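Here is how the chains run, residue by residue.
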Protein chains: 2
Amino acid sequence: MQGLKEKTTMPASTEGNGWSHVDTVQLNGSKEDLPETDSFVQQAMTLIMDEVVRKAGHASGKVCEWRSPEDLTKLLDLELGEAGEAPAQTLQHCRDAIHYSVKTNHPHFFNQLYVGLDHYAMVGSFVTEATQPSLYTYEMAPVHCLIEKVVLGKMMEMMGWVEGGDGIFNPGGSMSNMYAMNLARFQRFPEVKEQGLSACPRLILFTSEECHYSVAKAAAFLGIGTKNVYVVPADQSGKMIPKELEKQIRTAISEGAVPFMVNATAGTTVLGSFDPIEELADVCEEHNLWLHVDACWGGAAVLSNKHKHLLKGVHRAHSVAWNPHKMLMAGQQCSAFLVRDKTGLLQRCHSACASYLFQKDKFYDISCDTGDKSVQCGRKADAFRFWLMWKALGTRELERRVDHALEMARYLTEGIKKRDGFRLLMEPEYTNVCFWYIPPSMRKIPDSPEFWQKVEAVAPKIKERMMKTGSLMVGYQSHGINANFFRMIIISPWVSTKDMDFVLDEIHRLGADL
Amino acid sequence: MQGLKEKTTMPASTEGNGWSHVDTVQLNGSKEDLPETDSFVQQAMTLIMDEVVRKAGHASGKVCEWRSPEDLTKLLDLELGEAGEAPAQTLQHCRDAIHYSVKTNHPHFFNQLYVGLDHYAMVGSFVTEATQPSLYTYEMAPVHCLIEKVVLGKMMEMMGWVEGGDGIFNPGGSMSNMYAMNLARFQRFPEVKEQGLSACPRLILFTSEECHYSVAKAAAFLGIGTKNVYVVPADQSGKMIPKELEKQIRTAISEGAVPFMVNATAGTTVLGSFDPIEELADVCEEHNLWLHVDACWGGAAVLSNKHKHLLKGVHRAHSVAWNPHKMLMAGQQCSAFLVRDKTGLLQRCHSACASYLFQKDKFYDISCDTGDKSVQCGRKADAFRFWLMWKALGTRELERRVDHALEMARYLTEGIKKRDGFRLLMEPEYTNVCFWYIPPSMRKIPDSPEFWQKVEAVAPKIKERMMKTGSLMVGYQSHGINANFFRMIIISPWVSTKDMDFVLDEIHRLGADL
């Protein structure tokens, strides 16, 4: 492509080299004339292989190369200019981007509800990035329309939906939760699509205080309003209390508002708790409410014979959001929205029937054109990565990985209980392990507001040190009445008991002097 | 990873090889022990290099390998099973996915408002896929938070926003249009975030009949309702008529409703028309309406000194949606939402302040944590690909590419005018060239309902033949009173006048007997 640029500076008449120019615009020329492209892509692939696939996942390297925003701005050559640059410089940008990015595949990365991605999934993403399908129509994405259908079908089977249903992949679980909300209100008040909420009564949905913040964002975005999300208290283990839900439903009705949906969470963001879906389904049935299960994080438990009880009752949900890019490492974004309806609700709710994509006079079965089920237009082939890794690994290996992560969480929990200076927030149900580290200087202070005030400052300080050292990444936060604590998330099938021991050793090493 | 699976079938006590098992769960083991991974990724990269980078963009190959949904289902091995498979089989799935996917980088692919992607952008996407940043916080995506800011700033500069503004990358232009709608109503009625639309008057927005269907989808999704989107007539060249807009505004007011936003389109989906932004800005100012410009498709024209007049007045817009994955080939999804506000409107409108991500006691400048401006939670690093190709190519080369595409569209248009049997729908402003092909057997029939009824069947039939031949992909559609016509979209800097001639030759070849 360097070649192209050089050629544009040549005079208009360049006969003999096969290029012609009209009005300063070069008219001929094709990629095949550009060996530089080939060489650049080849070098970049080697770089990714060396610096990411081989190195970034090694325990011997750093999890992150922390630089402040000011310093990193100086280090990176960010400005966009009039002229291009040599491929070697562009490769250097790639090298820098890798170097200063968090190594999400590193065995000491426990910071988020995802870690890196499986290598099969990575290859799957390279295939879709290189080929650029877009899932509006079968014509434009034949392979991926079929694969999405198979993957959704299998996920529904895992949820125990014996009669199947419908679904779609979305750019993230927040979107899936929005889809649930939109379907729930449309099913109850179909006129909302045309007339909007100004033609509806005040609609109320219910979710627990432990739910993901996307529920509030969705309610604001969809015009429902955050105050019409009634927040139901959770018990000490972070589970929504069905009796409290019933109370809130009665309150809403007494106000003249119309309850329409309950959002249950399977795997809460902070504590990793699972709402009691079966009991919530009973309440929903009684009050004719849509039951959505936000299983973005916890959905993977259905793959494990040992742990699928956590989602007991999910076969009764009207819809489920499940992100294989979280626990299963399918790479962001890989977020499935599943709906048990089989009457075409998803299509009716979202369709706009654009004539330039969804022609009725096509020569193939247009039921394969799934794009109008989405509120997006172009849509990436997110199911492919997950399908490819599932094919490669098989369901049993996915199950083993889920079991491994939960077993590691148990091991870590026992370690926390045994060690001086570590205090567990609660027994984990999933792989969120929440705990405080109490430095030696504070260990003799009795539990009191002063004690917890001191504790509040510990995790942020240790976090700063671990980022600057680059040895470990674990998140922290305060939560309700609880002062700042570490929230450790275990996902990777490649972490071992040694890595768990390392986490506690390292936190102690970083915080012992506080 | 095959290795891993084999090991899980081994007995629990496997001392000596460094693996240990508890409760059938393997506890140790890391990726470094898996040479198969390395070899698989390496082979997959070679496959992508050979089959996509080197071959799929060649004019000598097919644009698509059409198979009916039934046949393709049989050809692909889609089912997901209990056991995994050998890496060679997984590679074969990748090969199949590439083979049966549309070659969006092929020089004869003119079907959508995007084609494949630039090779620098492709490499950029491999880097972000492999490293998996997520843009909630600076801590999690330091490089990409900075790069997104630089790219948005540069895009605003191109729009003539001398004082800058704010913005965010979204998964698609449909989302950006939703953002505009949500900001417009929030700015006017801030209470909508908490109380929802049931606390607002009936809100009305305006858009032309030529706008993208995402405007209707957005209105439905956001609870505004499709009937509250007032559709303004366009003139014969597809541009919204400002006087008709004023009429509609008066109608809305007379109904007691509240107009709040005008959606102008810069580059309409079918005709490629540009609404008269300057005049629409005058109307918006007079009536205190938010002016959003959907420049997803046409935004790239601002890069061209020759063609930027198409967006004259865009500096007065309140917000703009611009997708570099369309005309600029930055790879899907690369969709910027730009907002001229500098008071933090985007953040106030969308924020939920989740304590586990957006802690206030961080050790760095939290203004770099941009995630709460989004309605998503995890967000991909979509700006990076665009930034990387912009760095590599420079602004001048981007300009040259835009000019080249428009020049090709002119060349094709002249060809259509000259050739027997081709009829132009209208003079193109951008690179959408809309035309009919009239087979010889119909050329003597006078213009009449019967004639157009016959013409209606021509494009679908030729489309079927081009798909089955795999020689060419051009979209078709009916539009208003116009019978099915071809809508040809030109984007790639690598297509030449020869490719334009080929399109007309090939359509004639495929349809001459009809």
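Our subject is the structure listed above.
Model, not experiment: these values are computed from the prediction.

### Remarks on helix α2 (residues 35-56) of chain A
Part 1 of the reasoning: Compared with the 32 Å implied by 1.5 Å per residue over 22 residues, the 30 Å span of α2 of chain A between its first and last C-alpha is a close match.
Part 2 of the reasoning: Remark: the principal bend of α2 of chain A, roughly 30°, maps to Met-49 of chain A.
Part 3 of the reasoning: For α2 of chain A, the full list of buried residues reads Thr-37, Phe-40, Val-41, Ala-44, Met-45, Leu-47, Ile-48, Met-49, Val-52, Val-53 and Ala-56 of chain A.
Part 4 of the reasoning: Its buried side turned inward, α2 of chain A meets α4 (87-99) and α5 (119-131) of chain A together with α2 (35-56) and α5 (119-131) of chain B.

### Some words on the relation of the copies chain B and chain A
To go from the first copy of the chain to the second, apply a rotation about an axis and then a shift along the same axis.
Part 1 of the reasoning: If you rotate chain B by 180° and push it 0.0 Å along the axis, it lands on chain A with an RMSD of 0.0 Å. Taken together, the turn and the small shift mark the pair as related by a two-fold rotation axis. Considering only C-alpha atoms, the residue of chain B closest to the rotation axis is Leu-222 of chain B, which sits at 2.0 Å.
Part 2 of the reasoning: Most of the interface of chain B is mirrored in chain A, where 100% of its interface residues again form contacts.

### Things to note about the sheet that holds strand β3 (residues 109-110) of chain B
Residues and elements named next belong to chain B.
Part 1 of the reasoning: Taken in spatial order, the five strands of this open sheet run β3-β13-β14-β12-β11, and their pairing is mixed. Edge positions in the sheet fall to β3 and β11 (422-424), since each has one partner strand and no second.
Part 2 of the reasoning: Here β3 runs beside strand β13 (residues 473-479); their pairing, made up of two bridges, is parallel. Counted as the bridge partner of Phe-110 is Val-474 from β13.
Part 3 of the reasoning: Here helix α14 (residues 449-456) sits on the sheet in contact with β11, β12 (432-437), β13 and β14 (482-489), set at roughly 45° to β14.
Part 4 of the reasoning: In the packing of helix α15 (residues 458-469) onto the sheet, the strands contacted are β12, β13 and β14, and the crossing angle to β13 comes to about 160°.

### Brief notes about the packing of aromatic side chains
Residue and element names in this part refer to chain A.
Part 1 of the reasoning: Using the criterion set out here, one finds 41 aromatic pairs over all chains in the structure.
Part 2 of the reasoning: Residues Phe-422 and Tyr-437 carry aromatic rings whose centres are separated by 5.1 Å and whose planes lie at 55° to one another, so their mutual orientation is tilted. With a gap of 15 residues between them, Phe-422 in strand β11 (residues 422-424) and Tyr-437 in strand β12 (residues 432-437) connect regions that are remote in the sequence. We note that Phe-422, like Tyr-437, is buried.

### Observations regarding the nonpolar core
Inside soluble globular proteins, nonpolar side chains tend to come together where they are buried.
Part 1 of the reasoning: Ranked by internal contacts, the top residues of the largest apolar core, which has 316 residues, are Ile-490 of chain A together with Ile-490 of chain B.
Part 2 of the reasoning: Excluding its chain neighbours within four sequence positions, the residues that come into contact with Ile-490 of chain A are Phe-110, Trp-297, Met-327, Ala-405, Met-408, Ala-409, Leu-412, Thr-431, Val-433, Val-495 and Met-500 of chain A.
Part 3 of the reasoning: Residues Leu-197 of chain A together with Cys-200, Val-229 and Val-375 of chain B belong to the second largest nonpolar core, which totals 65 residues.

### Let's talk about the pairing of strand β8 (residues 290-294) of chain B
Residue and element names in this part refer to chain B.
Part 1 of the reasoning: Burial analysis of β8 places five of its five residues in the buried class, which makes it a mostly covered element.
Part 2 of the reasoning: Here β8 shows no split at all, with Trp-290, His-292 and Asp-294 on one side and Leu-291 and Val-293 on the other all buried.
Part 3 of the reasoning: Between the parallel pair strand β7 (residues 258-265) and β8, the chain is carried across by helix α11 (residues 277-287), and the sense of this crossover is right-handed.

### Quick notes on the environment of Trp-297 of chain B
Residues and elements named next belong to chain B.
Part 1 of the reasoning: Relative to the helices and strands, Trp-297 is located in the loop between β8 and β9 (319-322).
Part 2 of the reasoning: Considered as a pair, Trp-297 and Gly-272 are 25 residues apart in the sequence and their alpha carbons are 8.2 Å apart.
Part 3 of the reasoning: Here the side chain of Trp-297 touches Asn-432 through a polar contact of 2.9 Å, side chain to side chain.

### Thoughts on the pairing of β7 of chain B
All names here are of chain B.
Part 1 of the reasoning: The buried count for β7 comes to eight of eight residues, which makes it a mostly enclosed element.
Part 2 of the reasoning: Relative to β8, β7 runs parallel, the two sharing five bridges. If you follow Met-261 over to β8, its bridge partner there is Trp-290.

### A few points about the pattern of salt bridges
Residues and elements named next belong to chain A.
Part 1 of the reasoning: Summed over the entire model, instances satisfying the criterion amount to 72 salt bridges over all chains.
Part 2 of the reasoning: Of the charged contacts in the structure, one is a salt bridge between Arg-401 and Asp-118, with a shortest N-O distance of 3.0 Å. Here Asp-118 lies in the loop between β3 (109-110) and α5 and Arg-401 lies in helix α13 (residues 382-418), a separation of 283 residues in the sequence.
Part 3 of the reasoning: With a relative accessible area of 5%, Arg-401 lands in the buried category.
Part 4 of the reasoning: Across the salt bridge formed by Lys-239 and Glu-429, the nearest N and O atoms sit 2.8 Å from each other. On the criterion of sequence distance, the pair formed by Lys-239 in the loop between β6 (229-232) and α10 (242-254) and Glu-429 in the loop between β11 and β12 is long-range, its members being 190 residues apart.
Part 5 of the reasoning: Residue classification places Glu-429 among the partly exposed positions, given a relative accessible area of 25%.

### Re the interface of chain B and chain A
Part 1 of the reasoning: Facing 184 residues of chain B, the contacting portion of chain A comprises 184 residues.
Part 2 of the reasoning: Roughly 16,000 Å² is buried in total at the junction of chain B and chain A, and carbon and sulfur atoms are behind 62% of that figure.
Part 3 of the reasoning: Considering only the side of chain B, the residues that lose the most area to chain A are Leu-80, Phe-221 and Phe-363 of chain B, jointly responsible for 6% of the buried surface there.
Part 4 of the reasoning: At the surface where chain B touches chain A, the tally comes to ten salt bridges.
Part 5 of the reasoning: For the interface between chain B and chain A, the tally reads 74 residue pairs in polar contact (both at pLDDT 80 or more).
Part 6 of the reasoning: Here the element with the most residues in the side of chain B that touches chain A is helix α13 (residues 382-418) of chain B; it accounts for 17 residues.
Part 7 of the reasoning: Here the residues of the side of chain B that touches chain A are counted per class, giving 83 nonpolar, 58 polar and 43 charged.

Cut-offs used in this document
- Residues numbered from 1 in each chain as written.
- Chains lettered and ligands numbered in written order.
- Predicted model: local features only at pLDDT ≥ 70, side-chain atom pairs only at ≥ 80, totals over all residues.
- Heavy atoms only, no water.
- Helix = DSSP H or I, 4+ residues; strand = E, 2+ residues; numbered from the N terminus.
- Expected span 1.5 Å × (residues − 1).
- Bend = angle between axes of the 7 residues up to and from the residue.
- Buried < 20%, exposed > 50% of the residue type's maximum accessible area, 1.4 Å probe, protein only.
- Contact = heavy atoms within 4.5 Å.
- Least-squares fit on C-alpha atoms with pLDDT ≥ 70 in both.
- Pairing = 2+ DSSP bridges.
- Axes fitted to C-alpha atoms, helices over the stretch in contact; angles between N-to-C directions.
- Phe/Tyr/Trp six-rings, centres within 6.5 Å; stacked < 30°, edge-to-face > 60°.
- Core = buried A, V, L, I, M, F, W, Y, C linked by side-chain atoms within 4.5 Å.
- Right-handed = clockwise from strand over helix to strand, strands pointing away.
- Polar contact = N/O pair within 3.5 Å; in protein donor to acceptor, adjacent residues only side chain to side chain.
- Salt bridge = Lys/Arg side-chain N within 4 Å of Asp/Glu carboxyl O.
- Buried area = accessible area lost by both parts, 1.4 Å probe.
- Nonpolar A, V, L, I, M, F, W, Y, C, P; charged D, E, K, R; others polar.

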